[in-house]
Amino acid sequence: PGPLGDDEAQTLLSAAERGARVVFADAASLAGKDGRLRLPFAKDARIHKEWNWLYHYDAFVYASPLTAGVKNRMLCDTEYFGALWSDRCVCGLQPPDEPAFACVYLGIDGAATKKFFHGLQLGGYPLGKGRVILNTLKLAADDPVALRVFANALGANFGIMNRP
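Note that the structure is a prediction, hence the values are computed from the model and not measured. (Residues numbered from 1 in each chain as written. Predicted model: local features only at pLDDT ≥ 70, side-chain atom pairs only at ≥ 80, totals over all residues. Heavy atoms only, no water.)

Trainee: Before we move on, could you go through the nonpolar core and cite the residues and values that matter?
Mentor: Across soluble globular proteins, nonpolar side chains have a tendency to be buried as a group. Grouped together as the largest cluster of nonpolar side chains are 24 residues, with contacts concentrated most on Tyr57, Phe81, Leu84, Phe101, Phe117 and Leu122. At the level of secondary structure, the elements contributing two or more residues to this core comprise strand S3 (58-61), strand S5 (88-91), strand S6 (98-108), strand S7 (114-127) and helix H2 (144-158). By size, the runner-up hydrophobic cluster in this structure holds 19 residues, among which are Ala31, Ala42, Leu93 and Val132. (Core = buried A, V, L, I, M, F, W, Y, C linked by side-chain atoms within 4.5 Å. Buried < 20%, exposed > 50% of the residue type's maximum accessible area, 1.4 Å probe, protein only. Helix = DSSP H or I, 4+ residues; strand = E, 2+ residues; numbered from the N terminus.)

Trainee: Break down empty space enclosed by the protein for me, citing the residues and quoting the values.
Mentor: Under the defined criterion, the tally for this structure stands at two cavities of 30 Å³ or more. Empty space within the largest cavity amounts to approximately 40 Å³. For the largest cavity, the full set of lining residues is Val23, Ala25, Leu122, Ile133, Asn135, Leu139, Val149, Phe150 and Ala153. For the lining of the largest cavity, the elements supplying multiple residues, two or more each, are strand S8 (130-135) and H2. The element that contributes the greatest number of residues to the lining of the largest cavity is H2, accounting for three residues. Taken together, the residues of the lining of the largest cavity break down into eight nonpolar, one polar and no charged. Counted as a void, the second largest cavity has a volume near 30 Å³. Forming the boundary of the second largest cavity are Tyr57, Ala59, Cys76, Phe81, Leu84, Trp85, Ser86, Phe101, Gln121 and Leu137. For the lining of the second largest cavity, the per-class residue count stands at eight nonpolar, two polar and no charged. (1 Å grid on protein atoms, 1.4 Å probe; cavity = no way out; pocket = protein on both sides within 12 Å on 5 of 7 lines; lining within 4 Å. Points joined across faces, edges and corners; volume = space filled by probe spheres on them. Nonpolar A, V, L, I, M, F, W, Y, C, P; charged D, E, K, R; others polar.)

Trainee: Tell me what's going on with the side chain of Ser29, and back it up with residues and numbers.
Mentor: By the secondary structure assignment, Ser29 is in the loop between strand S1 (21-24) and strand S2 (46-49). The residues touching Ser29, leaving out its near neighbours within four places in the chain, are Gly2, Pro3, Leu4, Phe24 and Arg38. (Contact = heavy atoms within 4.5 Å.)

Trainee: Lay out unusual backbone geometry with the relevant residues and their values.
Mentor: The residue Arg73 is not glycine, and still its phi comes out positive at about 60 degrees. With respect to the helices and strands, the residue Arg73 is situated in the loop between S3 and strand S4 (74-75). Residue class for Arg73 comes out exposed when judged on its relative accessible area of 70%.

Trainee: Give me the lowdown on the pattern of salt bridges, citing residues and values where you can.
Mentor: Inspection of every chain in the model, using the stated rule, returns eight salt bridges. With a shortest N-O distance of 3.8 Å, Asp87 and Lys49 are connected by a salt bridge. Of this pair, Asp87 sits in the loop between S4 and S5 while Lys49 is found in strand S2, placing the two residues 38 residues apart along the sequence. Of the residues examined, Lys49 reaches a relative accessible area of 58% and is grouped as exposed. With its nearest N and O atoms 2.9 Å apart, the salt bridge here joins Glu98 to Arg131. Here Glu98, found in strand S6, pairs with Arg131, found in strand S8; they are 33 residues apart in sequence, far enough to count as distant. When its relative accessible area of 13% is taken as the criterion, Arg131 is described as buried. Three or more residues joined by partner-sharing salt bridges are found here, namely Asp34, Arg36 and Asp44. (Salt bridge = Lys/Arg side-chain N within 4 Å of Asp/Glu carboxyl O.)

In short, geometric facts, not functional conclusions.
Here it is as structure tokens:
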């Protein structure tokens, strides 16, 4: 659907400040006209897209309520998490207090190009009395691992994290 309007984004963030837990299934929906995410706790956060057919970033999967019921405490297993694999992450953030997926890329391709970035793909941040959960993973409706991760994110909102 694209980015949220300013009023929509502010309404959701204000709800979190008052105590709601807000899940942004696509963190890019918070992008403003300048590309920065409209997050009061991260003024320079942006969506970073990186894809290279040969070299890709490594993703780390943390033990978290957001990864309950799926493989975690490991480098991302691209076969197991294949449907979730995304070429996007949020850069310019402090580490979340609830990390789930984070990525890092160091690219030295033999030419003059050298790149380094790190970012968040799924994690939760406190905001006022509530929480904001940011995601850049692909949440395919036909993949059981993706459905479990998304259910965990939604379950965190309703206190039903470990129910099937």
